[in-house]
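# Residue-level structure breakdown
Okay, here's what each chain looks like letter by letter:
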Amino acid sequence: MLEPSRTVPATRSTVDSTALYYRERHRIHQARYRKKMLKKSTDLEEDVQKLREHVMWLQIECQLTSARASITYTPWNMAAQYFHVFRYGLKPTRPMSSMTLTQQKLDVNAQRDFLVRIMASDVSDANGTKCGVEALMEEWRLVSICFAGMETELKCLEEGPGDNVIATITTTTTITETTLRYAFPRLVDNPANASLAAKLLGRQLMVRGLVIFEWDNVNDRVVSVQYKADMLPALLGLLGNIEDVSRVFNNDFITPTESTDRLEPSFSRCA
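About the cut-offs
- Residues numbered from 1 in each chain as written.
- Predicted model: local features only at pLDDT ≥ 70, side-chain atom pairs only at ≥ 80, totals over all residues.
- Heavy atoms only, no water.
- Helix = DSSP H or I, 4+ residues; strand = E, 2+ residues; numbered from the N terminus.
- Buried < 20%, exposed > 50% of the residue type's maximum accessible area, 1.4 Å probe, protein only.
- Contact = heavy atoms within 4.5 Å.
- Areas by Shrake-Rupley, 256 points an atom, 1.4 Å probe, with all protein chains shown as cover.
- Core = buried A, V, L, I, M, F, W, Y, C linked by side-chain atoms within 4.5 Å.
- Phe/Tyr/Trp six-rings, centres within 6.5 Å; stacked < 30°, edge-to-face > 60°.
- Arc of directions from axis to C-beta.
- Polar contact = N/O pair within 3.5 Å; in protein donor to acceptor, adjacent residues only side chain to side chain.
- pLDDT = per-residue confidence, 0-100.
- Pairing = 2+ DSSP bridges.

Moving on: the overall build of the chain. Counting its regular elements, the chain contains nine helices and five strands. For the chain, the succession of helices and strands along the chain, N to C, is α-α-α-β-α-β-β-α-α-α-β-β-α-α. Out of the 271 residues belonging to the chain, those deemed buried represent 37%. Look at the contacts in the chain between residues 6 or more apart in sequence, and 67% of them connect residues 24 or more apart. Split by element, the accessible area of the chain, about 15900 Å² in all, is 55% carbon and sulfur.

Dropping the structure here:
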């Protein structure tokens, strides 16, 4: 007669090996799952960024379309439209995924056309320096590179002397390596200031300013523009002490009282 088969008892090493095998499978499965979820999160963030860029482009397109409309400008609607058209600086300052090269060129040309319509051909700053539209466009290009992602918001318009209009604005931007390199080169060039540069990098900068438009009531054109801003309170809020603020401004391109006079286009310095 055949003897009944007997189950071989599992040894401790066999049990341990099996448990280790399943734990490893579980670990690999969890790792794959986390990687999959991370990819979904990254893809979602990229999609949101593309949508934001697309919305921004649509807003600019709407503003520029309005600027192209045949309207009679007054000092008041000119100033309001000016800050709509250049709310985000000279756009685009970098290629957007939702925009073709042709669209980018058309928008920049529309911004130039708007300046041609509202500015005198020899528009000057408050010091009497004549510059013209092309110089203003170049200033806008430089400031938009230096302060990438900038946004200027018009707060109010007030009547100034004669036919002048005074605009109160707030400009918001994030301090990048490019900002430090162009606006505060001493912080970048001097290794002793590395810690100070690190404090500013990535921080949001909000600066209040005044823009004074001098209006020619005969020709309905802007003949002079002046921009005044004080970056001292903004940087003091970021750095927390006047000593560090003083180091930032020491021998640099931007100074506390005329900082954006040198960088903000079409305001007080045209050339």
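Following the structure, the description resumes.
A few words now on unusual backbone geometry. At Asp220, a residue that is not glycine, the phi angle is positive and equals roughly 55 degrees. By secondary structure assignment, the location of Asp220 is in the loop between β4 (204-216) and β5 (221-229). Accessibility expressed as a relative area gives 29% for Asp220, which makes it partly exposed.

Ranked by size, the top nonpolar core spans 50 residues in total, and within it Tyr82, Leu115, Met119, Phe184, Leu200, Phe213 and Leu235 carry the most contacts. Ranked by the residues each element gives to this core, the list is headed by helix α4 (residues 133-146), at six residues. Those residues within four positions of Leu115 in sequence are excluded, and the remaining contacts are Tyr82, Phe86, Val133, Leu136 and Met137.

Okay, the packing of aromatic side chains next. One pass over the structure, following the stated rule, counts seven aromatic pairs. Judged by centre distance (5.9 Å) and plane angle (80 degrees), the ring pair of Tyr73 and Phe114 falls under edge-to-face. Linking Tyr73 in the loop between α1 (12-68) and α2 (75-85) with Phe114 in helix α3 (residues 101-118), this pair joins segments that are 41 residues apart in sequence. Per residue, the accessibility class of Tyr73 equals that of Phe114, and both read buried. Geometrically, the ring pair formed by Tyr82 and Phe83 is edge-to-face, given 5.2 Å between the ring centres and 85 degrees between the ring planes. Taken individually, Tyr82 and Phe83 each receive the classification buried, so the pair is uniform in this respect.

Right, let's talk about helix α9 (residues 242-249) for a bit. Listed as buried for α9 are Asp244, Val245, Val248 and Phe249. Buried residues in α9, looked at end-on, bunch into an arc of 135 degrees, giving them a common side. Considering only its buried residues, α9 is in contact with α6 (185-189), α7 (194-200) and α8 (232-239). Two to three positions downstream of the cap, the backbone nitrogen of Glu243 sits 3.3 Å from a side-chain oxygen, assigning the N-cap of α9 to Asn241.

Turning to the environment of Thr72, a few remarks are in order. Within the secondary structure layout, Thr72 lies in the loop between α1 and α2. Taking the C-alpha atoms as reference, Thr72 lies 9.9 Å from Ile118; in sequence the two are 46 residues apart.

Attention shifts here to the environment of Leu136. Mapping Leu136 onto the fold places it in helix α4. Take Leu136: its relative accessible area is 0%, and that puts it in the buried class. A sequence separation of 24 residues divides Leu136 from Arg112, and the C-alpha atoms of the two residues are 9.0 Å apart.

A few words now on the confidence of the model for the chain. Per-residue confidence for the chain gives a mean pLDDT of 79; residues scoring 70 or more make up 75%. For the chain, per-element mean pLDDT is lowest for α3, which scores 74, and highest for strand β3 (residues 165-174), which scores 95. Confidence drops under a pLDDT of 50 for residues 93-98, and excluding neighbours within four residues, the segment shows twelve contacts in the predicted structure. In the predicted structure, residues 258-271 sits below a pLDDT of 50 and forms 57 contacts with residues beyond four places in sequence or in another chain.

Right, let's get into the pairing of β3. Summarising burial for β3: eight of the ten residues are buried, a large majority. Bridge count for strand β2 (residues 151-159) against β3 is eight bridges, and the pairing is antiparallel. Of the residues in β3, the one forming a bridge with Thr152 is Thr171. Here β2 folds back onto β3 in antiparallel fashion, the turn holding five residues, of which Gly162 has a positive phi close to 65 degrees. Of the pairings in the sheet, the one linking β3 to β4 comprises ten bridges and is antiparallel in character.

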